[in-house]
Amino acid sequence: MLQTKWKWIKRDWVLYVMLIPALIYFITFHIVPLIGMKLAFQDYRILGDHQWVGLKHFEVLFSSPAFFTVLKNTIIISAMKMIFFFPVPILLSILINEVRHGKFRNSVQSIIYLPHFLLWVVIAGIWISLLNPEDGGVNLIRNFFQLPSLDYMTSKDHIRWVLVFSEIWRSAGWDSIIYLAAIMKISPALYEAARIDGASNLQQLRYITIPELSGTIITVFILNLGFFMNAGFDQVFNLMNNSVISVIDILDTYVYRIGLVNGQYSYATAASLFKGVIGTVLILGTHFISKRLTGRGVW
Amino acid sequence: MKKLAGLFAATVMMFTMAACSNDQATTTESKKGTIKLVLKDEDPSNPATQKYFSNLEKALKKDEKLDVKFELVQMPQGNYAEKLNLLLYSGDIPDMIYFQGGDQQIADQDLLEDLTPYIEKSKNLKSIMEPYNEKRMKNYPYLLWIKPLDLKTPVIRSDWFNQLSSSKALMADPTPENYKAFFKELVEKAPGGGKPKNAITAAGDIAELDYIFNMAFGLNQTWLKKSDGTYEYAKVSEKEKAKLEFYSELYKEGLLDQQFATKQWDTKEKAFYDGDSGVLVGTNGKVIDIYNGKMTQVNGKEAELTVLPPAKGEFQGYGATDISKESRGIAISSQSKNKELAFKVLDYLASPKGQMLDRIGFENEHYKITDDQIQLTEKYYSEWYARFWEPADFKPEKTLKTPLLSKPAEESAKLVQQYYSEDNKVILDEESSAKWDAAENLYKEFSADVITGKRPISDFDTFVEEWKNAGGDEITKFVNGKLK
């Protein structure tokens, strides 16, 4: 058994060499920093010994009503993004795949990838202008249809939807790449056979494309769940205003304010650790459920 | 005998010379050293920064016989306080540190030097400190920052201001009512040919409006003394309620920028220069100078700014000055091996010679000497700023031919000084910061909602209850213990 594995390694040594930089990256930036998590159980001092304080910082965290508000916001915003954002790149990749005209297809792809390269501070500026109740594009359209202007940015009912749609605008195009690659991998013979059998485009989509994509969809879904508690620091930070703090203040912005700005690193580490644990539980839980139900998981 | 006397004299001379050279060596040693420092916006690769510190090294050697080598820490881009804290928490503590928040946690760990004894012994610094600097140092002796008061003043284009009939009444009696009448006329008359669209703008919240109106509504301190002798937080007082009601009227009538909640500082300033908003609130002195420069550059000389007075009511002023501590400033690390030397540098920068370098920049670049007078150049006005001290009383070695600030900027600084009053803000302990954050967020949201008409002012009592439950009650108790 061991000999067979060694043979594989010997055969594919180039691939293993290529893996080394990635391993170094993960060890340096993702494994080693785990040691720093001990800070959540200490009162950190720059010089001298750090005092172990047990669960003190977690107790403070869980006794704060503000923490539960930000936790609730994080879960709601993440769930909304998961439900409404997740299918969009899949849909987009299928639509792009249906475009037959090469140049048009390339243009569409370039245009939808473009927002991914903009910083959230720029995107926030664009969206604030676009949603401006006085002369923003969205409200001009509303006014054209005799509808009153809405101040989306300061409305507690709308701001979370602004987060979802701005996320879709920015990332759906880029995220569709992975699905497009998966579609490209599907054997053309399957489509040819289906067409000979008289399958319509919709039937080809239903019986070939989607089943072939399901493995990728499940993997991406499970991996995304691992980042479920990352509701989007940069996005929220740039789109937040005083009118909507209570509905879009998330764990990351809370940790930033209390931990980094106020210098309470132990408290911030406790909040981050809590967030990380939830992410791990979600990823493991979904993986095992998926394995049970579909036989597919992340590994 | 002669030989013996000669030998004796030579021995004495040798010992004397040895003693002298020893003494000299010790003196040179004590005045020599490297100062590692971290300052905001001072990138070691920036040629202007390099030249500044190189000039400072030369000047210290020449004027003070101090052989100092400066080693500037490179800071990554982003929020300074956050990046600085990360640097310090990594254990890398420079000798001299500029803080813009986050200092208290470092001082609590005994990592900052108490500057009181140094100031007591100083040659120059002691004499340029303002009364509020002295009080701040007494309450929190770790940060030193000699700059003009940072209160903000409202400004408007003079050509527009002069066209309004309500301007005179406003200047003579700047009550909130007269302010409102002035704002109303400004929008209705629109002296800019359909502009301004609104009378006053602000960036993100009402803090800038508070500089005009807080005092008039009786909000003269952070903690207001009640009739029973206890203190209540100004933002949950009845006076705050009246002020918010006033702001909501301004908003409802279209006088306050309808987009103030989502405005950033850059879009706010653009609205001002473009004439979409008539009045802007900016930090007195240098910032007003910049606003004035840009406004006249864009709209001509006649658009020079006029500084508006603070609203008059129960009190008058642009706000109370926090004397609990410096909110920013220079600290010396208690771990530094060159504490004395670092302070000598700070003290030198407060001297007339040091001020020449720090305040007006490089000769033939930021100023020229003509007719034995200092003539400031365009480059001075557009890019120079003092890295360290900016005392109100600047006495250069030669007479200034051109003023340091424009007229409106000088006027703003003068008015701020005229209405100076002290705040009773209390430094909160570390444990309170999470509660304070929650309580303050409640206020921010409630005030924004009331002003924009999303919540009625009658909800004020409900808000106060929520504020108390969010930690406001405990903090009030803590503060009452401190203010007794």
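Per an unreviewed UniProt entry, the recorded name for chain B is Extracellular solute-binding protein, and the organism is Metabacillus flavus.

An unreviewed UniProt entry annotates chain A as Sugar ABC transporter permease originating from Metabacillus flavus. The record held by UniProt for chain A lists under Subcellular location (unreviewed entry) the comment "Cell membrane". Its UniProt record gives chain A a comment under Sequence similarities (unreviewed entry), which states: "Belongs to the binding-protein-dependent transport system permease family."

A tally of regular secondary structure across chain B gives 20 helices and 13 strands. Reported as C-alpha extents along the three principal axes, the dimensions of chain B are approximately 105 × 60 × 40 Å. Taking all contacts inside chain B whose residues are at least 6 apart in sequence as the whole, residues at least 24 apart take part in 74%. For chain B, the distance from the average position of its 66 positive side-chain charges to the average position of its 77 negative side-chain charges is 5 Å.

Our focus in this paragraph is the pattern of salt bridges. All names here are of chain B. Inspection of the entire model under this criterion finds 44 salt bridges over all chains. Of the charged contacts in the structure, one is a salt bridge between Lys189 and Glu185, with a shortest N-O distance of 3.9 Å. Note that Lys189 and Glu185 are positioned in helix H10 (residues 176-189) at a spacing of 4 residues, about one turn of the helix. Since its relative accessible area comes to 44%, Lys189 is described here as partly exposed. The residue Lys379 makes a salt bridge to Glu365 at a minimum N-O spacing of 2.9 Å. Taken together, the positions of Lys379 in helix H17 (residues 378-383) and Glu365 in the loop between helix H16 (352-360) and strand S11 (367-370) put the pair 14 residues apart, joining distant regions of the chain. The exposure class of Glu365 is partly exposed, given its relative accessible area of 24%.

The interface of chain B with chain A comprises 33 residues on the first partner and 33 residues on the second. When the two sides are added together, the surface that chain B and chain A hide from each other amounts to roughly 2,900 Å², 51% of it contributed by carbon and sulfur. The largest per-residue losses of area from chain B upon contact with chain A belong to B:Tyr89, B:Thr262 and B:Glu445, which jointly make up 21% of the total buried on that side. For the pair chain B and chain A, the number of links is 3 salt bridges. Here A:Lys156 makes a salt bridge to B:Glu445, at a shortest N to O gap of 3.8 Å. Among the elements that make up the side of chain B that touches chain A, the one with the highest residue count is helix H19 (residues 433-451) of chain B (9 residues). Broken down by class, the residue content of the side of chain B that touches chain A amounts to 10 nonpolar, 13 polar and 10 charged.

Let's shift gears to the packing of helix H14 (residues 286-299) of chain B against helix H18 (residues 407-418) of chain B. Residue and element names in this part refer to chain B. Viewed as axis vectors pointing N to C, H14 and H18 meet at an angle of 150 degrees, and their least axial separation amounts to 8 Å. Put simply, H14 runs roughly antiparallel to H18. Classified by chirality, the crossing of H18 by H14 is right-handed. Note on element contacts: H18 touches H14 through Pro408, Ala409 and Ser412, opposite Ile288, Asp289 and Asn292. Across the contact of H14 with H18, the residue classes break down as 3 nonpolar, 2 polar and 1 charged.

Residues and elements named next belong to chain B. The strand order across the open sheet formed by 3 strands is S11-S12-S13, and the pairing between neighbours is mixed. Unpaired on one side and paired on the other, S11 and strand S13 (399-400) mark the two borders of the sheet. By the bridge criterion, 4 bridges tie S11 to strand S12 (residues 373-376) in an arrangement that is antiparallel. Note on S12: the bridge partner recorded for Thr370 is Gln373.

Before going further, it helps to spend a moment on the layout of surface pockets. Residues and elements named next belong to chain A. Size it by volume and the second largest pocket reaches roughly 940 Å³. In terms of lining residues, the second largest pocket is bounded by 27 residues, among which His30, Leu34, Phe227, Gly276 and Thr280 are the most central. Broken down by element, the residue count for the lining of the second largest pocket peaks at 10 residues, all from helix H15 (residues 265-294). Its residues placed into classes, the lining of the second largest pocket shows 17 nonpolar, 8 polar and 2 charged.

What counts and how
- Residues numbered from 1 in each chain as written.
- Chains lettered and ligands numbered in written order.
- Predicted model: local features only at pLDDT ≥ 70, side-chain atom pairs only at ≥ 80, totals over all residues.
- Heavy atoms only, no water.
- UniProt positions renumbered as here; feature names shortened; annotations may be inferred.
- Helix = DSSP H or I, 4+ residues; strand = E, 2+ residues; numbered from the N terminus.
- Contact = heavy atoms within 4.5 Å.
- Lys, Arg positive; Asp, Glu negative; His and termini not counted.
- Charge placed at Lys NZ, Arg CZ, Asp CG, Glu CD.
- Salt bridge = Lys/Arg side-chain N within 4 Å of Asp/Glu carboxyl O.
- Buried < 20%, exposed > 50% of the residue type's maximum accessible area, 1.4 Å probe, protein only.
- Buried area = accessible area lost by both parts, 1.4 Å probe.
- Nonpolar A, V, L, I, M, F, W, Y, C, P; charged D, E, K, R; others polar.
- Axes fitted to C-alpha atoms, helices over the stretch in contact; angles between N-to-C directions.
- Parallel < 35°, antiparallel > 145°, perpendicular 65-115°, else oblique.
- Left-handed = near helix turned anticlockwise from the far one by under 90°.
- Pairing = 2+ DSSP bridges.
- 1 Å grid on protein atoms, 1.4 Å probe; cavity = no way out; pocket = protein on both sides within 12 Å on 5 of 7 lines; lining within 4 Å.
- Points joined across faces, edges and corners; volume = space filled by probe spheres on them.

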